[in-house]
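# Analysis of the macromolecular model
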Amino acid sequence: MEKNKNGLVAFALLGLAVGTAAYYLLGTEDGKRQLDRANEGVKSLTKSIKDLSKKEAKRAAKLAKSAKADLENFKDKAKEAGKQALDSASEKAQQWSSRASEAANQAGNKADDVIAEAKSEINKA
């Protein structure tokens, strides 16, 4: 029971304080000025936050655009490097193929020479 009385008294004091503040802010000229100033402060803060949000959104968009351009540039460089690597590999493969063909021809010519020499030796014998 004592607990309920304390709660009731606290609730009544809170109601009295809220009522007094409301009367002061709404019922007196000084209170109305204070309320108007507080309202203007809230409006100013809201505007500042909106302006800051717009500014940061523009900044974020600019950063995203820059990152996209950098990525495209990097992608183009990677494509070019890949193309150069393929061209170089193709050129090396062609060189090796030419060398192998030349070596095979030389080996064939030597074999023909050896065969011709062997036939000549057989014919002499």
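Residues numbered from 1 in each chain as written. Predicted model: local features only at pLDDT ≥ 70, side-chain atom pairs only at ≥ 80, totals over all residues. Heavy atoms only, no water.

The protein has the name YtxH-like protein in an unreviewed UniProt entry, where Sphingobacterium paludis is given as its organism.

### Details of the overall build of the protein
The secondary structure content of the protein amounts to 2 helices and 0 strands. A globule of 125 residues ought to have a C-alpha radius of gyration of about 14 Å, yet the protein, at 47 Å, is considerably larger. Taking the principal axes of its C-alpha atoms as reference, the protein extends roughly 140 × 45 × 10 Å. Here the protein holds 125 residues, and 1% of them are scored as buried. When the accessible surface of the protein is summed, it comes to about 11300 Å², and 61% of that surface belongs to carbon and sulfur atoms. (Helix = DSSP H or I, 4+ residues; strand = E, 2+ residues; numbered from the N terminus. Rg over C-alpha atoms; globule rule 2.2 N^0.38 Å. Buried < 20%, exposed > 50% of the residue type's maximum accessible area, 1.4 Å probe, protein only. Areas by Shrake-Rupley, 256 points an atom, 1.4 Å probe, with all protein chains shown as cover.)

### Let's talk about the pattern of salt bridges
Applying the stated criterion across every chain yields a total of 4 salt bridges. Here K47 ties to D51 by a salt bridge, and the two come within 3.1 Å at their closest N and O atoms. Placement of the pair is K47 and D51 together in helix α2 (residues 29-124), with a separation of 4 residues, close to one helical turn. For D51, a relative accessible area of 38% corresponds to the partly exposed category. (Salt bridge = Lys/Arg side-chain N within 4 Å of Asp/Glu carboxyl O.)

### Things to note about a nonpolar patch on the surface
Residues V9, L13 and L16 make up a contiguous nonpolar surface patch of about 300 Å² in total accessible area. Tracing the chain through its elements places L13 in helix α1 (residues 2-27). For L13, a relative accessible area of 53% translates into the label exposed. (Patch = residues over 30% accessible without salt bridge, like charges linked within 9 Å, V, L, I, M, F, W, Y side chains within 5 Å.)

### Some words on the environment of K43
Relative to the assigned elements, K43 resides in helix α2. In this structure, the C-alpha to C-alpha distance between K43 and S98, residues 55 residues apart in sequence, is 82 Å.

### Quick notes on a negative patch on the surface
A cluster of like negative charges, contributed by D112, D113, E117 and E121, occupies part of the molecular surface. Within the secondary structure, E117 sits in helix α2. For E117, a relative accessible area of 53% translates into the label exposed. (Lys, Arg positive; Asp, Glu negative; His and termini not counted. Charge placed at Lys NZ, Arg CZ, Asp CG, Glu CD.)

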